[in-house]
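# Structure at a glance
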Amino acid sequence: KHEVALLGRSNVGKSTLMREITGHTFDTGQRPGVTRKPNHYDWAGEDFVITDLPGFGFMKGTPEDVREQIKTDIVHYVESNADNILAGVLVLDGKAAVDIIDRHSGPDEIPHTVELYHFLQDVEIPTVIAVNKMDKVDDRDGRLDEISERFGLVPPWKQWQDTIAPISAKRGNIDTLNDAVRTHLHAAKRDDL
Ligand code: GDP
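Below: a short report on this structure. All residue numbers refer to positions counted from 1 along the written sequence of the respective chain. Totals for whole chains, interfaces and linings use every residue, but because this is a predicted model, local features are given only for residues with pLDDT of at least 70 and side-chain atom pairs only at 80 or more, for both listing and counting. Excluded from the side-chain calculations are hydrogens and water; all other atoms, namely the structure's heavy atoms, are used.

### Quick notes on the sheet that holds strand β3 (residues 49-52)
Whether two strands pair comes down to DSSP finding at least two bridges between them. Numbering of helices and strands starts at the N terminus; helices are DSSP runs of H or I of at least 4 residues and strands are runs of E of at least 2. Taking strand neighbours across the sheet as the criterion, the 6 strands line up as β2-β3-β1-β4-β5-β6 in an open arrangement whose pairing is mixed. Looking along the sheet, the strands with just one partner apiece sit at the ends: β2 (39-42) and β6 (164-166). Strand-to-strand twist across the sheet, computed as the mean angle between neighbouring axes with direction ignored, equals 25°. Judged from the 4 bridges that link them, strand β1 (residues 3-8) and β3 form a sheet pairing that is parallel. Pairing of Leu-6 across the sheet is with Asp-52, part of β3. Contacts between residues were defined by any pair of non-hydrogen atoms, one from each residue, lying within 4.5 Å. Only C-alpha atoms enter the line fits that serve as axes; for helices the fit covers just the stretch in contact. Angles between N-to-C directions range over 0 to 180 degrees. Packed on one face of the sheet, helix α4 (residues 112-122) meets β1, β4 (85-93) and β5 (127-132) and runs near 155° to β5. Each of β4, β5 and β6 is contacted by helix α5 (residues 140-150), which is oriented at about 145° to β6, the strand it contacts most.

### Concerning the site of the ligand
Among the 17 residues in the neighbourhood of the ligand, the closest are listed as Asn-11, Lys-14, Ser-15, Thr-16 and Asp-135. Contact with the protein chains hides 80% of the accessible area of the ligand, taken as 580 Å² for the molecule alone. Throughout, the ten residues Ala, Val, Leu, Ile, Met, Phe, Trp, Tyr, Cys and Pro are labelled nonpolar, Asp, Glu, Lys and Arg are labelled charged, and all others, Gly among them, are labelled polar. Of the residues assigned to the shell around the ligand, the class counts are 2 nonpolar, 9 polar and 6 charged. Here a residue counts as near a molecule or strand whenever at least one of its heavy atoms sits within 4 Å of it. A 1.4 Å probe and the Shrake-Rupley method give the accessible areas. Residues count as covered only by the protein chains that appear here.

### Considering the pairing of β4
Summarising burial for β4: 9 of the 9 residues are buried, a large majority. Direction of pairing for β1 relative to β4: parallel, over a ladder of 6 bridges. If you follow Ala-5 over to β4, its bridge partner there is Gly-88. We call a residue buried when its accessible area falls under 20% of the maximum for its residue type, exposed when it is over 50%, and partly exposed in between, using a 1.4 Å probe and counting protein chains only.

Pasting the structure below:
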């Protein structure tokens, strides 16, 4: 079965989103520092699976080398399965993403999230940036413009609705993500013909 790969830093709400997408329940806030394998689940009502990749970035109590290893494992998984991955979903915390990205941006530093987005582009996996926790964001358009700019997508974000999907997993508002993913899946199918 083809798959859609779900990526994101720890605590962005990946487990909550998985629950919304699949209808299963998952442990939220899984024990940090435990390297997890990619897990496959059926996307409710669709003929592909969603692959939950381990959360990356800072996790309390996780040594730097373990964090690097998690990121390396994610990259290897995606590289080896690129032919089978129809789309990527990169989940962000809409409330925290800009601060985290800016904190990790510098002459010699690219934030992991941005780096993974560019990597997915390089291996030609169409990717949706799911900006989660939008229920906590006041200036919605302003925030989404800032985020799109950080990923090299020239604002206004509304030009990028196939790529930027504001959601609130906790409230069950994920229609924008479903629509964006579907757009890419249809494009992928067309290319196969
Ligand atoms: P994971 O580490 O990425 O799997 O993140 P979780 O799904 O465990 O969520 C981390 C925290 O964010 C939990 O306290 C969730 O309840 C909360 N959370 C997840 N999605 C949302 C959302 O859409 N809005 C708000 N306000 N909180 C959320």
